[in-house]
Amino acid sequence: MTVLGVDIGTSSSKGVLVDADGRVLATAVRPHTVSRPRPGHVEMDAEVWWTEFVSLARELTERTGVRAEAVGVSGMGPCVALADETDTPLHPAILYGVDTRATAQIARLDTELGRTAVLHRCGSLLSTQAVGPKIAWLAEHRPDVTARARRLYMPSSFLVRRLTGAYVLDHHSASQAVPLYDSLAQEWYEPWARQIAPWIELPSLRWPGEVAGRLTPAAADASGLPAGIPVITGTVDAWAEALSVGAQRTGDLMLMYGSTMFLIHTLAERLLVPELWSTVGALPGTRNLAGGMATSGVITEWLRELFGGPGHADLLTAAEESGPGARGLLMLPYFAGERTPVADPDARGVVAGLTVEHTRGDLYRAALEATALGVRHNVEAMRAAGTDIRRVVAVGGGTRGGLWTRIVSDAAGLAQEVREVTVGASYGAAFLAASAVTDADIDVWNPVRERVAPDPGLRDRYDELYGLYLRLYPATRDIGHALARRRRADADG
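Residues numbered from 1 in each chain as written. Predicted model: local features only at pLDDT ≥ 70, side-chain atom pairs only at ≥ 80, totals over all residues. Heavy atoms only, no water.

Draft legend 1. View of the pairing of strand 3 (residues 24-31). In the sheet, strand 2 (residues 12-19) pairs with strand 3 via seven bridges, with the strands oriented antiparallel. Each residue of the ladder has a partner; that of S12, found in strand 3, is P31. (Pairing = 2+ DSSP bridges. Helix = DSSP H or I, 4+ residues; strand = E, 2+ residues; numbered from the N terminus.)

Draft legend 2. Summary view of unusual backbone geometry. The linkage connecting V178 with the following residue, P179, adopts the cis geometry, with an omega of 5 degrees. P341 follows T340 through a cis peptide bond whose omega is -10 degrees. As for its placement among the helices and strands, P341 is situated in the loop between strand 20 (330-332) and strand 21 (350-352). Within the chain, Q186 stands out as a residue other than glycine whose phi angle is a positive 55 degrees. Here Q186 is to be found in the loop between strand 10 (181-182) and strand 11 (187-188). With a phi close to 50 degrees, A326 is a non-glycine residue in the positive phi region. The class of A326 is buried, set by a relative accessible area of 0%. (Buried < 20%, exposed > 50% of the residue type's maximum accessible area, 1.4 Å probe, protein only.)

Draft legend 3. Main features of the packing of helix 13 (residues 360-384) against helix 17 (residues 459-492). Running from N to C, helix 13 and helix 17 cross one another at 80 degrees; their axes reach a closest spacing of 10 Å. If you check the angle between helix 13 and helix 17, you find them roughly perpendicular. Residues R365, E369, A370, L373, G374, R376, H377 and E380 of helix 13 form the contact with helix 17, whose own contacting residues are Y462, D463, L465, Y466, Y469 and L470. (Axes fitted to C-alpha atoms, helices over the stretch in contact; angles between N-to-C directions. Parallel < 35°, antiparallel > 145°, perpendicular 65-115°, else oblique. Contact = heavy atoms within 4.5 Å.)

Draft legend 4. Inspection of the nonpolar core at higher detail. Membership of the largest hydrophobic core comes to 80 residues, with the highest contact counts inside it found for L4, W49, F53, L95, L152, L163 and L225. If one sorts the elements of this core by residue count, helix 1 (residues 46-64) sits on top with eight residues. In this structure, L4 is in contact with V16, L17, F53, A57, L60, A68, A70, V71, G72, L225 and A430, ignoring residues within four places of it in sequence. Counting 54 residues, the second largest nonpolar core, distinct from the first, contains L255, A319, Y334 and V379. (Core = buried A, V, L, I, M, F, W, Y, C linked by side-chain atoms within 4.5 Å.)

Draft legend 5. Quick peek at the sheet that holds strand 24 (residues 448-452). Within the open sheet, the seven strands sit side by side as 18-19-17-16-22-23-24. Their pairing is mixed. Two strands close off the open sheet at either side, each with one partner strand: strand 18 (277-280) and strand 24. Strand after strand, the sheet turns through a mean of 25 degrees between neighbouring axes, direction not considered. For strand 16 (residues 252-257) and strand 17 (residues 261-267), the ladder comprises five bridges, and the chain directions are antiparallel. Opposite L253, over in strand 17, you have H265 as the bridge partner.

What follows is the structure, encoded as structure tokens:
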């Protein structure tokens, strides 16, 4: 048996062919960019998702000569892609919490629905991560779009529709569509859905690993895959990443090292923490407490480009030489606002302590440490709520090279497992597809490769740095907000 997994991410789409034992036969990547037409707006053409899926499927199967027998999909989320009755996208998809345009709609819906009521019913407060305010923004600013809109898609559900004709969404993704989904009843909450988007036919709900349908002849012709093979429902990329490394057991915490840093803690029961997101898990019967930073790998890539394009390996070497504390630099990683636990779309990045003596290695090190301190901030919010983090598993491209994971372990005091395969969400999607048609065990597929432990000799240094980190945001918040307002005013002309 061979399965195909495809993930639509923020900076690229990735595909992987995996055999019955979890061995990766081939991988392929399609880099892409998001559109930022205005301050706070982060969008992407949904048609790119389908085009890149087709390209990845054809390349992987033609290169290997292997016939895929099931398909798994995942993608960034929660996103808002509205389509008409023919499934034609009507507006660029509005991306997850990195898109901060809907602050006015968040405030209005908070008043209309009640913050406490939303938290209790949905598990999370309205924020830039929520779907409802983004739809409300479109209704107010693009009524021509919402007048024709009939369906709501995210990357995984858009691919499933093109592949099988099924209009479905997984329960986990739906639980991030705040306030349209009732996290307690695990079904759409019709009163609020009808209030915010009465013209939308809501998709049927399935679990991520359930078979959504079978590949249609038309999709087979386009993709080169065999008609009739099963396609799973799929889910949000971070949750597929957690599945790819077996981090969905009670007490597990997954750290996803990607364009953004994501944290998923698996619980036995629902826990409401206003600063974080309480969601339905990717597996039936599980609950998650999640956090997400607005940037992480995005900053290191931005620095690489500013420095003239050296490889990340060279910058990691320079950052290693810089040493703990980045020779007196401290960075706030709020370069696109911040999601959890700050929940401030107008937060701004700060580099404190900068002198003419600092090097690019110092700046790169400060960016890695800023992410690590942000992880610690989220983890401490989880622990303050009474959670029991028993095991931490790292995944994603940022685990390569080792320095970033070591910095996170040292700065956050976390021991981390790193698995053999760190491909990420596409591998998790492939695992879900394999699990739908056969018995598959992720611990057999993807065993532990190494464990990264904190260096006790660095604890005091990072404790001091973390204390400064916590003081830096409130000390600069008003200035950052004023600059954000000025930038929006300048953009408005």
